[in-house]
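Inside the fold
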Amino acid sequence: MHAALDLAQQAQDAGEVPVGAVVVKDGVIIGRGYNQPISAADPTAHAEVMALRDAARHLGNYRLTECVLYVTLEPCTMCVGAIFHARIARLVYGAKDPKTGACGSVIDLPAETRLNHHLQMAGGVLAEETGELLKQFFAQRRKAARATEQ
C-alpha cells in the first residue's frame, strides 16, 4: 500500500485527484497506476484501470488471476467492473469513498452473488494516510476556488 500511496502523491503533483494503485503477483509489483483522467483527457484513466493495464502488458494477458490490487481509495463502479473482468483475486483499499465507493460505501458490487467473479477484499488499510492526502487535496482546491471568486 505504501507504493500505491507514493503513486497517489504523483497524481497530486500532476494536479489529479491523489489516488494510486499497484498490482502485485507473487510479492512483486507488476503494474502501477495513478489517477490521470484530466491530463490524459480520458474518463477511464483511474488509478486502478491504469495499474490493471500496466500489469496486463507486463504479463501479456488481460487475466490477472492470482494478483492482488492495492489502491488508496475504495474503487468506483467502473473500476470494480474492470477488476472483475481482470479476475483479480484480492482487492485491498485504503480510504472509503462515501460518494462513489462501490465496495460497501454506496453500493457493494463484490458482495453481489449474481455476478460471475468474486474476490477477497480488505478495506481500511492505511486509511488515515490515504484519507488525509485526499482531504488536503480537496481543501487546497476549495481554497483556490474561493481565491479565484474574489
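Presented here is a report on the structure given in the accompanying data block.

Thresholds, definitions, all that
Just so you know, the residues in each chain are numbered from 1, in the order the chain's sequence is written. Local features are withheld for residues below a pLDDT of 70 in this predicted model, meaning they are given only at 70 or higher, and side-chain atom pairs are given and counted only at 80 or more; totals for whole chains, interfaces and linings count all residues. To obtain the side-chain values, all non-hydrogen atoms of the structure were used and water was disregarded. At least two DSSP bridges between two strands are needed for those strands to be called paired. Numbered from the N terminus, helices here are DSSP runs of H or I no shorter than four residues, and strands are runs of E no shorter than two. Working definition: rings of Phe, Tyr and Trp (its six-membered ring) pair if their centres are within 6.5 Å, and the pair is stacked with planes under 30 degrees apart, edge-to-face with planes over 60 apart, and tilted otherwise. Any residue under 20% of the maximum accessible area for its type is buried, any over 50% is exposed, and the rest in between are partly exposed; the area is computed with a 1.4 Å probe on protein chains only. Think of a salt bridge as a Lys or Arg side-chain nitrogen and an Asp or Glu carboxyl oxygen that are within 4 Å of each other. Here a helix's expected span is defined as the number of its residues, less one, multiplied by 1.5 Å. The arc under discussion is defined with respect to the helix axis, by the directions toward the C-beta atoms. Contacts: residue pairs with any heavy atoms within 4.5 Å of one another.

Quick look at the pairing of strand β2 (residues 28-34)
In the case of a regular strand, side chains alternate between the two sheet surfaces. Here 6 bridges tie strand β1 (residues 20-25) to β2, and the two strands are oriented antiparallel to one another. When the sheet's bridge partners are listed, glycine 20 is paired in β2 with tyrosine 34. Linking two consecutive strands that pair antiparallel, namely β1 and β2, is a turn of 2 residues; a positive phi of about 55° is found at aspartate 26 within it.

Quick notes on the packing of aromatic side chains
Tallied over the entire structure, the rule returns 1 aromatic pair. Taken together, a centroid distance of 5.1 Å and an interplanar angle of 80° make the contact between phenylalanine 137 and phenylalanine 138 edge-to-face. Judged by relative accessible area, which is 32%, phenylalanine 138 ranks as partly exposed.

Observations concerning the pattern of salt bridges
Counting across every chain of the model gives 3 salt bridges. A salt bridge links arginine 114 to glutamate 112; the nearest nitrogen and oxygen atoms lie 2.6 Å apart. You can call arginine 114 exposed: its relative accessible area is 73%. A relative accessible area of 23% means that glutamate 112 is categorised as partly exposed.

Looking at helix α1 (residues 2-13)
Relative to the 16 Å expected for 12 residues at 1.5 Å per residue, α1 spans 17 Å between its end C-alpha atoms, a close match to the ideal helical length. Buried residues of α1: Ala4, Leu5, Leu7, Ala8, Ala11 and Gln12, and no others. Along α1, the residues classed as buried sweep out an arc of 160° about the axis, all on the same side. Seen from the open side of α1, the exposed residues pointing more than 90 degrees away from its buried face are His2, Asp6 and Asp13. Elements that come into contact with the buried residues of α1 comprise β1, β2, β3 (67-73) and α5 (127-149). Positioned one or two residues after α1, glycine 15 has a phi angle of 85°, which is positive.

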